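Per-entry structural report
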Amino acid sequence: MKSNLKILFVSSEVVPFAKSGGLADVSGSLPMALQEYGMDVRVVMPLYSSVRKNMLKPDPVTDALSVSLGGESLSAKVFEAKSQKRVPTYFIEREDLFGRPNLYGYSAGDYYDNLERFSFFSHAALRTAQEIGFKPDIIHCHDWQTGLIPALLKGSYAVDFFSGTSVMFTIHNMGYQGIFPAEKLDKTGLNGIDFFHQEGIEYWGNISLLKSGIIYADAVTTVSPTYAQEIQTDEFGLGMEGILANKKENLYGILNGVDYNIWNPEKDKNISRNYSPDNMSGKKAVKKELLEKTGLDKSLIDKPLFGMVTRIDKQKGIDLVLEVMDELMALDTGFVLLGSGDKHIEDAVIAASKKHSGKIGIGTGFNDPLAHQIIAGSDIFMIPSRYEPCGLTQMYALKYGTIPLVRATGGLNDTVFNYDKETGTGNGFKFDSADPDELLACITQAVSLYKDKRNWKQLISNAMKEDFSWNRSAEKYIEIYNGTIEKKDLY
């Protein structure tokens, strides 16, 4: 087993430079954790307009990186900057493709040329490795935006420089499949070999870059063990369950980790009072401030306060919460939500808050300090998702002694375990089906236990002892990297 692997990490978004979702958190944190284990990690991402202000002293690498794509030779500039822990990050600059207000599209929909944008990025990432002389043992690709790379390594990049290089492809969400019209095939730069067929990137007459990543990678991972099993079924595979089932010998589920330098009640700068398992008084102070900030009744300080920080859509199960909201309020509780999304659901939440004035608080948009305050100040944190590949907020909540109440799907199922009063084990509450009656029964159970101060104290203690640090995840990735390389060496 090699202890000093060279890893090229390719992602369309990376914290702290650019973020639209959990992919960026993984791409920012995992390389740093891998580096701590002695890995030589280099990260490649596009240079979006929004990135410039977050680049730390960028150094020019080249102003004329040549990329052959669709019969044309295009050029790009490449810059290097270091993350906070000195992980080298390379930025691909091409103004007409990446110099836009958003990462993937406008509110009306995706950019029309996303295939061209991320085909170019995939080629440029490989060309950058060649330009800087970084010959990787593993190229680790993420989601459809980089799904072309595994195919390219079987085609025009099957050259001496990448001989011996293995490729891993990580699926963060099966809901995003990178599907484009077949007539754009030439824009991918897949030349010399027929890739457009049923066993290749063809998907119901179109191109799918997600399928490309799955088919041509040496190993495929996703972000929790349960999700790795779920996506091989009709319910969660979204049409690709057969493709994934055929890949099952090289399909792995690895939980995402948490950066406890950011999500830690003992040193969180976003909350007014820090606290720890040995001194929990600060949690009540944060709850009091949260009630004031969201306009909720002061009497809720000694009653169960439910929190949610989420994108507002049906996937996240907020509609299930709305169906039982009257019953939830009848249990003499409070509810605070931060999120935005589906306008119809947003309007229903606002209507519920007016109906139950002083008991429901709402924050909208992206508000990171308020997200921290809700996770710290709530008593119970709800994630009733219809599906959730991994989920991070339940891991954050556990660290803050805020008890997760979740649906048993994906990473939620792998991280939250029902509390057992007889044994004093477990860290939260869990229900099986995306059904409002099951959700309500779980809520009722949580409210009942909240009143049992001895057991509630034990439950909080269990929750705060959980460890979902990135080190655990990094160890598993290194194990699979090495296993993938060993398998490749046998052929």
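Residues numbered from 1 in each chain as written. Predicted model: local features only at pLDDT ≥ 70, side-chain atom pairs only at ≥ 80, totals over all residues. Heavy atoms only, no water.

Examining unusual backbone geometry
Put simply, the test is: Strands are runs of DSSP state E lasting at least 2 residues, helices are runs of H or I lasting at least 4, and numbering of each runs from the N terminus. Burial status follows relative accessibility: with a 1.4 Å probe on protein chains alone, a residue under 20% of its type maximum counts as buried, one over 50% as exposed, and anything between as partly exposed.
Following valine 15, the chain continues to proline 16 via a peptide bond in cis, the omega torsion being 10 degrees. Residue placement: proline 16 occurs in the loop between β1 (6-10) and α1 (22-36). Residues other than glycine seldom take positive phi values, yet tryptophan 204 does so here, at roughly 50 degrees. One non-glycine residue, aspartate 332, adopts positive backbone phi at about 60 degrees. Look at aspartate 332 and you get partly exposed, because its relative accessible area is 36%.

Things to note about the pairing of strand β5 (residues 88-93)
Convention followed: For two strands to count as paired, DSSP must find a minimum of two bridges between them.
In terms of residue burial, β5 counts as a mostly covered element, since 6 of its 6 residues are buried. With burial as the criterion, each face of β5 is covered, one bearing Pro88, Tyr90 and Ile92 and the other bearing Thr89, Phe91 and Glu93. Pairing analysis gives 4 bridges linking strand β2 (residues 40-46) to β5, with the strands arranged parallel. Residue pairing for β5: valine 43 is matched across the bridge by threonine 89. Bridge count for strand β4 (residues 72-82) against β5 is 6 bridges, and the pairing is antiparallel. Bridge pairing in β5 places lysine 82 opposite proline 88.

Observations regarding helix α13 (residues 368-377)
An α-helix turns once per 3.6 residues; consequently, residues spaced three or four apart project the same way. This is how the line gets drawn: Note on contacts: a residue pair qualifies if any of its non-hydrogen atoms lie within 4.5 Å across the two residues. By the criterion applied in these results, polar contacts are pairs of N or O atoms within 3.5 Å in which, for protein atoms, one can donate a hydrogen and the other can accept it, and in which residues neighboring in sequence qualify only through two side-chain atoms.
In terms of burial, α13 is a largely internal element, 8 of the 10 residues being buried. Among all positions of α13, only Leu370, Ala371, His372, Gln373, Ile374, Ile375, Ala376 and Gly377 are buried. Among the structural elements, α9 (281-293), β15 (305-309), β16 (334-338), β17 (360-363), β18 (380-383) and α14 (393-399) are those in contact with the buried residues of α13. Measuring from the side-chain oxygen of the N-cap residue of α13 to the backbone nitrogen of leucine 370 gives 3.0 Å; that N-cap residue is asparagine 367.

A closer look at the sheet that holds strand β11 (residues 202-203)
Rules: Helix axes are fitted only over the stretch in contact, all axes being lines through C-alpha atoms; the angle between N-to-C directions runs from 0 to 180 degrees.
Taking strand neighbours across the sheet as the criterion, the 3 strands line up as β10-β12-β11 in an open arrangement whose pairing is antiparallel. Either end of the sheet is taken by a strand with one partner, and the two such strands are β10 (179-181) and β11. The pairing of β10 with strand β12 (residues 206-208) spans 3 bridges and is classified as antiparallel. Looking at the pairing, isoleucine 179 lines up with serine 208 of β12. Set on the sheet, helix α5 (residues 209-216) makes contact with β10, β11 and β12; between it and β12 the angle comes to about 55 degrees.

Quick word on the layout of surface pockets
One way to see where empty space is left: roll a probe the size of a water molecule over the atoms. For the record, the criterion: A cavity, in this analysis, means grid points on a 1 Å lattice covering only the protein atoms where a 1.4 Å probe fits yet has no way out; a pocket is instead an open set bounded by protein on both sides within 12 Å along at least five of seven lines, and a residue lines either one if it has an atom within 4 Å of a point. Grid points are joined across faces, edges and corners, and a volume is the space filled by probe spheres set on the points. Polar here means any residue other than Ala, Val, Leu, Ile, Met, Phe, Trp, Tyr, Cys and Pro, which are nonpolar, and Asp, Glu, Lys and Arg, which are charged; Gly is therefore polar.
Of the volumes computed, that of the second largest pocket is approximately 500 Å³. Lining the second largest pocket are 18 residues, and of these Met280, Lys283, Asp379, Trp456 and Ile460 lie nearest its centre. Ranked by the residues each element gives to the lining of the second largest pocket, the list is headed by helix α17 (residues 453-465), at 7 residues. Per-class residue counts for the lining of the second largest pocket are 7 nonpolar, 3 polar and 8 charged.

Some thoughts on the pattern of salt bridges
Quick note on the threshold: Here a salt bridge means any side-chain nitrogen of Lys or Arg lying within 4 Å of a carboxyl oxygen belonging to Asp or Glu.
Following the criterion strictly, the structure yields 15 salt bridges and no others. Between aspartate 25 and lysine 19 there is a salt bridge, with the nearest N and O atoms lying 3.1 Å from each other. A residue is classified by how much of its surface remains accessible, and aspartate 25, at 17% relative accessible area, is buried. Notably, a salt bridge pairs aspartate 113 with arginine 100, separated by 2.6 Å at the nearest N-O pair. Here aspartate 113 is found in the loop between β7 (109-110) and α3 (114-132), whereas its partner arginine 100 is found in the loop between α2 (95-98) and β6 (105-106), with 13 residues between them in sequence. Residue aspartate 113 is classed as buried on the basis of its relative accessible area, which comes to 6%.

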